[in-house]
Amino acid sequence: MKRFVDVDFEMFGFGSGPQELGQYMISHARHDVRKAVEGDFVDTYIRHLQNDFGVAKDAKEVEWIKKEYVMGGAGRWLWFLPLLMSFGSDKNFRKYFHDQVFNFFIDHHIT
C-alpha cells in the first residue's frame with residue numbers, strides 16, 4: 001500500500017487546500033514528474049477528503065477541487081513570481097521557477 005503525506009511549511013497564507021497543492025506541485029516537482037503524477041496526486045487528495053472528512057461527495061464539488069488546484073495554484077504563483085524574480089542574481093534559480101510556472105500554464109491550457 002502506497003502512502004503519501006504532504007507537509008508544506010514554506011510560506012504562511014490563507015487559501016484553500018487545492019490551491020496549496022497546486023502551488024506546492026509547481027514549486028517542488030520537476031515538470032516531468034508533476035505531469036506524470038498530478039492526476040493521481042489530486043485524485044488521492046479528493047479520496048481522502050471523501051473518506052476521512054465526508055466532503056467532496058458529488059461531481060460538482062470534485063470539479064471545483066480540480067479547478068481550484070489548477071487556477072488557485074497558478075494564481076498564487078502569478079503574484080509571487082515577479083517578486084521572486086527580483087531576488088538575487090542567480091539566473092538558474094529564477095529560470096527554474098519561471099519554467100515551472102510556464103510549463104504548468106501550458107499543461108493546463110491557461111492563457
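Please refer to the structure higher up on the page.
Owing to the predicted nature of the structure, the values given are computational and were not obtained by experimental measurement. The residue numbers shown here count from 1 along each chain, following its written sequence. Two thresholds apply to this predicted model, a pLDDT of at least 70 for residue-level local features and 80 or more for giving and counting side-chain atom pairs, whereas whole-chain, interface and lining totals are computed over all residues. The side-chain figures draw on all heavy atoms in the structure; neither hydrogens nor water molecules are used.

A. Structural context of the side chain of Glu38. Helix and strand definitions here come from DSSP, where helices need a minimum of 4 consecutive H or I residues and strands a minimum of 2 consecutive E residues; each element is numbered from the N-terminal end. The residue Glu38 is located in helix H2 (residues 31-53) in this model. A distance of 2.6 Å separates the side chain of Glu38 from the side chain of Tyr69, its partner in a polar contact. Any pair of nitrogen or oxygen atoms within 3.5 Å is treated as a polar contact; in protein, a donor-acceptor pairing is required on top of that, and neighbouring residues in sequence qualify only through side-chain atoms on both sides.

B. Structural view of the environment of Phe104. Topologically, Phe104 is positioned in helix H4 (residues 91-107). A sequence separation of 69 residues divides Phe104 from Lys35, and the C-alpha atoms of the two residues are 8.5 Å apart. Pairs of residues are marked as contacts when any of their non-hydrogen atoms sit within 4.5 Å. Ignoring sequence-local partners within four residues, the contact set of Phe104 consists of Ile26, Arg34, Glu38, Tyr69, Val70, Ala74 and Ile110.

C. Representation of helix H1 (residues 17-28) in the model. Given the number of residues in a helix, its expected span is that number minus one, multiplied by 1.5 Å. Taking 1.5 Å of rise per residue, twelve residues should cover 16 Å, and H1 covers 16 Å from first to last C-alpha, within 8% of that figure. Residues of H1 that are buried include every one of Pro18, Gln19, Leu21, Gly22, Gln23, Met25, Ile26 and Ser27, and no others. On its buried face, H1 is in contact with H2, helix H3 (59-85) and H4. Buried residues are those whose accessible area, probed at 1.4 Å on protein chains only, stays under 20% of the maximum for their type, while exposed residues exceed 50% and partly exposed ones sit between those limits.

D. Region of the structure containing the pattern of salt bridges. Think of a salt bridge as a Lys or Arg side-chain nitrogen and an Asp or Glu carboxyl oxygen that are within 4 Å of each other. Scanning all chains against the criterion turns up seven salt bridges. For Glu38, the salt bridge goes to Arg34, with nearest N and O atoms at 2.9 Å. With Glu38 and Arg34 both in helix H2, this residue pair falls four residues apart, about one helical turn. Using a relative accessible area of 9% as the deciding quantity, one classes Glu38 as buried.

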